[in-house]
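# Architecture and fold: a report
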Amino acid sequence: MTPASGISRLRRRKLEEKFFQVLMVASILVVIGCLALILGTVIWKGLPALSFSMITRTPQGGYYLGREGGILNAILGSFYLASGATILAILFSLPVVLYINIYARKKSALAELARFSFDVLWGVPSIVYGAFGFILMVLLGLKASLLAGIVTVALLEFPIMSRAIDEVVRLVPNELVEASYSLGATRLETAAKVVLRQCLPGVLTAVLIAFGRGIGDAASVLFTAGFTDRIPTSLLQPAATLPLAIFFQLGTPFPEVQERAYASAAVLTVLILVISLVARGLGRKYTRHIIK
């Protein structure tokens, strides 16, 4: 290799590095720009109709015709539904993930099948979960209700939460697990007191991500949770959600009601942003338990 060819190759590599660096920066700017555009559009269109009374009152007679009322029923209904679904998803996700990582053999067929199932279920459209939940309702003799919505959204959240927790648990150093066994701890004690404590920030983040997905999904509850202008007081009563409230308000021909839809979208967007910030804050708070 001559000195001239070496210099030429070095320049080419620097140009390639510069090109991909510019490409990465451009990609980041596109992502940030999309987020800013969505937030700006929703807030710009929804802010004029947003008021304190709107988020503290339930719909009154003729609300969807432009009369008085608010979306308190949808806000509380979304929290009830997403909270119940997230709790139910946790009860199924944690045992499955801990089993395939602590009890099952490394790279066993059962563990690989479980992870493959998580990936497939994660990619299933939410409307399919809604259709499945509706069939389940018919088989069990249930009506559209908060309970049916919770079960359906829990099925939607389950693969998301399980796959995210699984990836976090797999990052726990194997030496830490072996050290726990060598001190006489059982597999259950190792899973509960060592593994979960080590990956607590990731678990919290996975739970809040699943919660955010549940509170913002419309298709899965379209046929299962129903819709009502009242705040549900029982699991067997129908429940309104913010995504469906936005959908129904945008479907009206009245401009003032459509403005309320954008205001509802702004409320939902702020809620999801708060959930994301809480997830990041909790992750940083509990990072002190992580062995680096």
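Now for a quick tour of the structure. (Residues numbered from 1 in each chain as written. Predicted model: local features only at pLDDT ≥ 70, side-chain atom pairs only at ≥ 80, totals over all residues. Heavy atoms only, no water.)

### Focus on the layout of surface pockets
To keep things clear, this is the line we draw: Using only the protein atoms, space was sampled on a 1 Å grid; points where a 1.4 Å probe fits but cannot get out form cavities, open sets with protein on both sides within 12 Å along at least five of seven lines form pockets, and lining residues are those with an atom within 4 Å of a point. Grid points are joined across faces, edges and corners, and a volume is the space filled by probe spheres set on the points. For this scheme, ten residues count as nonpolar: Ala, Val, Leu, Ile, Met, Phe, Trp, Tyr, Cys and Pro. Four count as charged, namely Asp, Glu, Lys and Arg, and the remainder, Gly too, count as polar.
Each pocket or cavity is described by its volume, and for the largest pocket that value is around 430 Å³. Here the lining of the largest pocket is composed, by residue class, of 11 nonpolar, three polar and eight charged.

### Here's the deal with the packing of aromatic side chains
In plain terms, the rule: Two aromatic rings from Phe, Tyr or Trp, using only the six-membered ring of Trp, form a pair when their centres are within 6.5 Å; if the ring planes differ by under 30 degrees the pair is stacked, by over 60 it is edge-to-face, and anything between is tilted.
What the rule picks out here adds up to seven aromatic pairs. Ring pairing ties together the aromatic residues Phe227, Phe247 and Phe248, which thus form one cluster.

### Examining the pattern of salt bridges
Put simply, the test is: Take a side-chain nitrogen of Lys or Arg and a carboxyl oxygen of Asp or Glu: if they are within 4 Å of each other, that pair is a salt bridge. Secondary structure counts use DSSP, requiring at least four H or I residues in a row for a helix and at least two E residues in a row for a strand, with both numbered from the N terminus. The buried label goes to any residue with under 20% of its type's maximum accessible area, the exposed label to any with over 50%, and the partly exposed label to all in between, with areas taken from a 1.4 Å probe on protein chains only.
Going through the model one piece at a time under the given rule, you end up with nine salt bridges. Residue Asp166 is joined to Arg163 by a salt bridge in which the shortest nitrogen-to-oxygen separation is 3.0 Å. One end of the pair, Asp166, and the other, Arg163, are both in helix H6 (residues 146–169), three residues apart, so they sit about a helical turn from each other. On the accessibility criterion, Asp166 (0% relative accessible area) is buried. Looking at Arg163, the relative accessible area reads 13%, which means it is buried. Each member of the salt-bridge network shares a partner with another, and the members are Glu112, Arg115, Asp119, Arg163, Asp166, Glu167 and Arg170.

### A word on the nonpolar core
Our working definition: As used here, the term nonpolar core means buried Ala, Val, Leu, Ile, Met, Phe, Trp, Tyr and Cys residues forming a set that is joined through side-chain atoms within 4.5 Å. Any two residues whose heavy atoms approach within 4.5 Å at even a single point are treated as in contact.
Counting 24 residues, the largest nonpolar core has Ile71, Ala74, Ile215, Leu242 and Val267 as the members making the most contacts within it. Mapped by element, the contributors of at least two residues to this core are helix H3 (72–103), helix H9 (200–216), helix H10 (242–250) and helix H11 (255–285). For this core, the leading source of residues is H11, giving nine residues. Contacts of Ile71, omitting those with residues within four sequence positions, involve Met54, Ile55, Arg57, Tyr63, Leu242, Gln249, Ser264 and Val267. Ile165, Val177, Cys199 and Ala210 belong to the second largest nonpolar core, which has 17 residues in total.

### A closer look at the environment of Leu271
Structurally, the position occupied by Leu271 is in helix H11. For Leu271, a relative accessible area of 19% translates into the label buried. Sequence-wise, Leu271 and Val96 are 175 residues apart; in three dimensions their C-alpha atoms are separated by 29 Å. Apart from residues no more than four positions distant in its own chain, Leu271 is found in contact with Phe79 and Leu242.

### Notes on the environment of Met161
Following the sequence through the fold, Met161 ends up in helix H6. Each C-alpha atom, one on Met161 and one on Phe211, is 9.1 Å from the other, the two residues being 50 residues apart in sequence. The residues touching Met161, leaving out its near neighbours within four places in the chain, are Thr86, Ala89, Ile90, Ser93, Ala206, Val207 and Ala210.

### A closer look at the environment of Glu157
You can see Glu157 is positioned in helix H6. Distance in space between the C-alpha atoms of Glu157 and Gly77 is 17 Å, their sequence separation being 80 residues. Beyond its immediate sequence surroundings of up to four residues, Glu157 is in contact with Ala82, Ala85, Thr86, Ala89, Ala210, Phe211 and Gly214.

### Describing the packing of H3 against helix H8 (residues 187–198)
Where we set the bar: The axes are straight lines fitted to the C-alpha atoms, using for helices just the contacting stretch, and the angles between their N-to-C directions are given from 0 to 180°. An angle counts as roughly parallel when it lies under 35 degrees, as roughly antiparallel when it exceeds 145, as roughly perpendicular when it falls between 65 and 115, and as oblique in every other case.
Orientation of H3 relative to H8, taken along the N-to-C sense of each, is 110 degrees, at an axis distance of 11 Å. Taken together, the axes of H3 and H8 lie roughly perpendicular to each other. Contact residues: Leu94, Leu98, Ile102 and Tyr103 in H3; Arg187, Leu188, Ala191, Val195 and Leu196 in H8.

### Section: the packing of H3 against H6
The following threshold applies: Note on convention: near helix rotated counterclockwise from far helix by under a right angle means a left-handed crossing. Clockwise means right-handed.
Contact geometry of H3 with H6 gives a least axis separation of 6 Å together with a crossing angle of 40 degrees. With respect to each other, H3 and H6 are oriented oblique. Judged by the sense of rotation from one axis to the other, the crossing of H3 with H6 is right-handed.

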